[in-house]
Amino acid sequence: MYKKKECVAMLLAGGQGSRLYALTEKTAKPAVTFGSKYKIIDFPMSNCINSGIDTVGVLTQYQPLVLNEYIGNGQPWDLDRMSGGVMILPPYQGKNGADWYKGTANAIYQNLDFIRRYDPDYVLILSGDHIYKMDYNSMLKAHKSSGADCTIAVLEVPLSEASRFGIMVTDETGKITEFQEKPKNPTSTKASMGIYIFNRKVLEKYLIDDENTPGSNNDFGKNIIPNMLNDGMSMYAYPFEGYWKDVGTISSLWEANMDLLGEAPAFNIHDKTWRIFSRNYAEPPHHIGEEASVSNSIISEGCEIQGTVEHSVLSNGVVVEKGAIVKDSVIMSNTVIKSGAVVNYSIIDGDSIISENAIVGEDAESAKGIAVIGSGLCVEPNVVIASDAMINNDSVDGVSVILK
Amino acid sequence: MSAAGIIFSNIHDNNIPELTRNRTMASVPFGCRYRLIDFTLSNMVNSNINNISVITHYNYQSLMDHIGSGKDWDLARRSGGIKILPPFITAYANSSNSLYSTRLEALKSVFSSISKIPDDYVVLSDCDVICNVDLKDMIRNHIENGADITIAVKKVNLTKEKAKINVLIDSDENGRVTDVKAGLTNFEGEADINLNIMVMHRRYLQEIVLDAIAHNYTSLTKDILLKNINRNVYRTYRYDGYFACISSSQDYYASSMELINDSDVRKQLFGVKNRPIYTKVRNSAPTYYSPDAKVKNSLIADGCQIFGEVENSIIFRGTKIGKGTVVKNCILFQDTFTGENVKLNCVIADKNVVIRDNKNLSGDETLPFYLSKGKMI
């Protein structure tokens, strides 16, 4: 029947990512393109397989088509398994009616049956909206050796920013003594990364209790963690060092993309000992033309570059025609930048066209913000798009929707 | 209508001895991220041929490594899929233990496998046909015309040297083959050349192989095609797209350079709608260009890190071009590492070559300098 697994991962991928506006119009946040050939969810998925965790439940809710299609049978991450592997877990209709996932804890609660099949000792809770490389297995080792009921991965943040996070106050052994959710006056700089390892039985009990508590938010940060702490359960912080970025906003998504650039990039994706896997499409190598100039950028398969690309991240199949300039920008799959067009300090989603001599965005120094163009849009020739524009349909003059 | 595919993986190995020392012709790297067999495999898969046998001969480890389970071509199937047929040698000394050297002998050696093909039609193809051809249309054409064998041809202008190494096919105005000529020493001009892709009915293939076993025939062209040319109906199928077949090291180099210099070639090979070319996925990171990188007119695969200058070159996956290094007119295979201030011109570097700082290597377009697999300089 089902093979017992030591640890099962549950990946929360239902988030809408409303602060990414145009980019999440039709896709869930975890399926947003990142770093040329990846999607955000590739990072936790690759971390799982690199950490030896081969059973991953992916909880989806908002706009799941692209995400479901992308994950498929899990083959790109080596998660197509006879036993375990990846499993998409959408909300479902039960005997007592249908429920959307009301919160992060409720989402796991509704899928306790999935977890029980594998009879795991531990459950790893992850979220699908962070960019980082982390060995969950060493976190699991720390969890086991401390004998904790729950271990929470934490990151050192500057005190000035601590009020944006859930903050853990610990004693010298790493035991959590206090939890402050977005505190006004934080007394610690250990921020929760939203990565938890629970002893399965403890998790089950608290999820069931939480479900039976009227008025609960059914949320890990707001309910489960504080309740466990109040009950005096043994909870430890697991310090994480390294690159970690929440890409929930346009500016943090842009920054994280730019963190891949430079001779000593803040985040290294060329590391062969911790590879990031992604779904590949059968595209030819990219071609750099006779008059092209490419510097400080990353480029992927299927691109055709005839113009100038500077300090930018280009996804597969992007075309930059002769005389076009792309600078400080993120261009997603199969978008075409026509000749003479200028794209500056922008994020342009896939399958769009920036027509001849159109101008999108402004120099990073003078811009009011990052210009964002949604997917499947055509910016007409000679049109100028303001630096902080957020365009997701044809309501703006000079922008039309490309019909497929 | 269903069709099976048979691919010969070692045909023409001695055309490019440097590149086939450690591998089959089928697994010779080409075009930044492909192996030659990818074109044939993709053509078959794109034409709904999902039952493919690859006949191997010797040094086929690299080919097995490349193909794996076949999943990258969607050929990891419950029934059918891809199957490698290594040479069949018995433990007992007998006369059949010699390795084959022609297509017909190869087919004879895998007769038991051929006799079990469940599909109606069979497409036979060499592994070094670089093209993007619609085999579905070719099979349809074969059935409509009621031919015994349909042979893909392309009209080309031949020089004397090229005429000598190609098989020329004459046909009448109805497309029926009237003559097959190989090794002509004194021909130049326009002619139809054999693309080494053939369609026939499974039963016809079984018949000719049985016939060949009975009569100890060895050559498909001489003993089968020419002998039966008046009795059976052999027809041509004209293909007009890009086609290259690697007949020498210079050919290999020239065909590679064509990929860079001619956007039409790239379009005809890679840009055909619904007919992509598949290859083994390596999960490389996207390619990084440093602030000082200068790249012109080059094809570059994923997973590279470019700190120097690259011009008119083909750079395979995972290659690193060091600071101050200048690479011109080169073909650098997978995971080539160049140090700083290296100068390379007309160099073909096989897999995993390491070129240390300040080295200066140059070949010529007519005789590229070849560095063998794993070489360190």
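Fair warning: this is a prediction, and the values are worked out from it, not measured in the lab.

What counts and what doesn't
- Residues numbered from 1 in each chain as written.
- Chains lettered and ligands numbered in written order.
- Predicted model: local features only at pLDDT ≥ 70, side-chain atom pairs only at ≥ 80, totals over all residues.
- Heavy atoms only, no water.
- Buried < 20%, exposed > 50% of the residue type's maximum accessible area, 1.4 Å probe, protein only.
- Helix = DSSP H or I, 4+ residues; strand = E, 2+ residues; numbered from the N terminus.
- Pairing = 2+ DSSP bridges.
- Phe/Tyr/Trp six-rings, centres within 6.5 Å; stacked < 30°, edge-to-face > 60°.
- Salt bridge = Lys/Arg side-chain N within 4 Å of Asp/Glu carboxyl O.
- 1 Å grid on protein atoms, 1.4 Å probe; cavity = no way out; pocket = protein on both sides within 12 Å on 5 of 7 lines; lining within 4 Å.
- Points joined across faces, edges and corners; volume = space filled by probe spheres on them.
- Nonpolar A, V, L, I, M, F, W, Y, C, P; charged D, E, K, R; others polar.
- Disulfide = S-S within 2.5 Å.
- Axes fitted to C-alpha atoms, helices over the stretch in contact; angles between N-to-C directions.
- Left-handed = near helix turned anticlockwise from the far one by under 90°.
- Contact = heavy atoms within 4.5 Å.

**Student:** Give me the lowdown on the pairing of strand β1 (residues 3-8) of chain B, citing residues and values where you can.
**Tutor:** All names here are of chain B. Across the six residues of β1, six count as buried, placing the element largely inside the fold. With burial as the criterion, each face of β1 is covered, one bearing Ala 3, Gly 5 and Ile 7 and the other bearing Ala 4, Ile 6 and Phe 8. The pairing of β1 with strand β6 (residues 121-126) spans six bridges and is parallel. Residue pairing for β6: Ile 6 is matched across the bridge by Leu 124. Of the strand pairs in this sheet, β1 and strand β4 (residues 51-55) are connected by four bridges, and their pairing is parallel. The partner of Ile 6 across the bridge, within β4, is Ser 53.

**Student:** Describe the sheet that holds strand β29 (residues 359-360) of chain A, with residues and values.
**Tutor:** Residues and elements named next belong to chain A. If you trace the six strands from one edge of the open sheet to the other, you get β17-β20-β23-β26-β29-β32, paired in parallel fashion. If you trace the sheet from one side to the other, it starts and ends with β17 (293-295) and β32 (384-385), each paired once. Across two bridges, β29 lies against β32 in parallel orientation. Across the sheet, residue Ile 359 finds its bridge partner in β32, namely Val 384.

**Student:** Describe the packing of aromatic side chains, listing the residues and the values that go with them.
**Tutor:** Going through the model one piece at a time under the given rule, you end up with 23 aromatic pairs over all chains. Geometrically, the ring pair formed by Trp254(A) and Tyr345(A) is edge-to-face, given 5.0 Å between the ring centres and 85 degrees between the ring planes. Within this pair, whereas Trp254(A) is found in helix α8 (residues 250-258), its partner Tyr345(A) is found in the loop between β26 (342-344) and β27 (346-348), the two being separated by 91 residues in sequence. Of the two residues examined, Trp254(A) and Tyr345(A), each falls in the buried class. Their ring planes at 45 degrees and their centres at 5.6 Å tell us that Tyr34(B) and Phe39(B) sit as a pair that is tilted. Residue classification places Phe39(B) among the buried positions, given a relative accessible area of 0%. Following the ring pairs from residue to residue traces out a cluster consisting of Phe30(B), Tyr34(B), Phe39(B), Tyr252(B), Phe270(B), Phe316(B) and Phe333(B).

**Student:** Describe the pattern of salt bridges, and please don't skip the residues or the numbers.
**Tutor:** All names here are of chain A. Applying the stated rule across the entire model yields 35 salt bridges over all chains. The salt bridge partner of Asp 121 is Lys 4, with a shortest N-O separation of 2.9 Å. One end of the pair, Asp 121, is in the loop between α4 (112-117) and β8 (122-127); the other, Lys 4, is in the segment before β1 (7-12), with 117 residues separating them in the sequence. Given a relative accessible area of 36%, Asp 121 falls into the partly exposed group. Overall, the relative accessible area of 47% leaves Lys 4 in the partly exposed class. Of the charged contacts in the structure, one is a salt bridge between Arg 116 and Glu 204, with a shortest N-O distance of 3.2 Å. One end of the pair, Arg 116, is in helix α4; the other, Glu 204, is in helix α6 (residues 200-211), with 88 residues separating them in the sequence.

**Student:** Tell me about empty space enclosed by the protein, and name the residues and values.
**Tutor:** The probe, sized like a water molecule, is rolled over the atoms to show the empty space still left. Residues and elements named next belong to chain B. Summed over the entire model, instances satisfying the criterion amount to one cavity of 30 Å³ or more. Looking at the largest cavity, the residues that line it are Thr 40, Asn 43, Met 44, Val 123, Ser 125, Val 129, Val 133, Leu 135 and Ile 197. Those elements that place two or more of their residues in the lining of the largest cavity are α1 (37-46) and β6. Here the lining of the largest cavity takes three residues from α1, the largest share from any one element. Broken down by class, the residue content of the lining of the largest cavity amounts to six nonpolar, three polar and no charged.

**Student:** Run through the state of the cysteines, naming residues and quoting values.
**Tutor:** Residues and elements named next belong to chain B. Counted according to the given criterion, the structure contains zero disulfides over all chains. Cys 127 provides the cysteine sulfur closest to Cys 245, a residue in no disulfide bond, and the two sulfurs are 9.1 Å apart. Using a relative accessible area of 21% as the deciding quantity, one classes Cys 245 as partly exposed.

**Student:** Explain the packing of α6(A) against helix α7 (residues 220-230) of chain A to me, and be specific about the residues and the numbers.
**Tutor:** Residues and elements named next belong to chain A. Contact geometry for α6 and α7: axes closest at 11 Å, N-to-C directions at 115 degrees. In this structure, α6 crosses over α7, and the sense of that crossing is right-handed. Along the contact surface, α6 presents Val 202, Leu 203, Tyr 206, Leu 207 and Asp 210, while α7 presents Phe 220, Asn 223, Ile 224, Asn 227 and Met 228. Partitioned by chemical class, the residues of the contact of α6 with α7 number seven nonpolar, two polar and one charged.

**Student:** Lay out the pairing of strand β11 (residues 189-201) of chain B in plain terms, naming residues and giving numbers.
**Tutor:** Residue and element names in this part refer to chain B. Burial analysis of β11 places 11 of its 13 residues in the buried class, which makes it a mostly covered element. In the sheet, β6 pairs with β11 via five bridges, with the strands oriented antiparallel. Within β11, the position partnered with Tyr 121 by the bridge is His 201. Pairing of strand β8 (residues 149-158) with β11, which is carried by nine bridges, proceeds in the antiparallel orientation.

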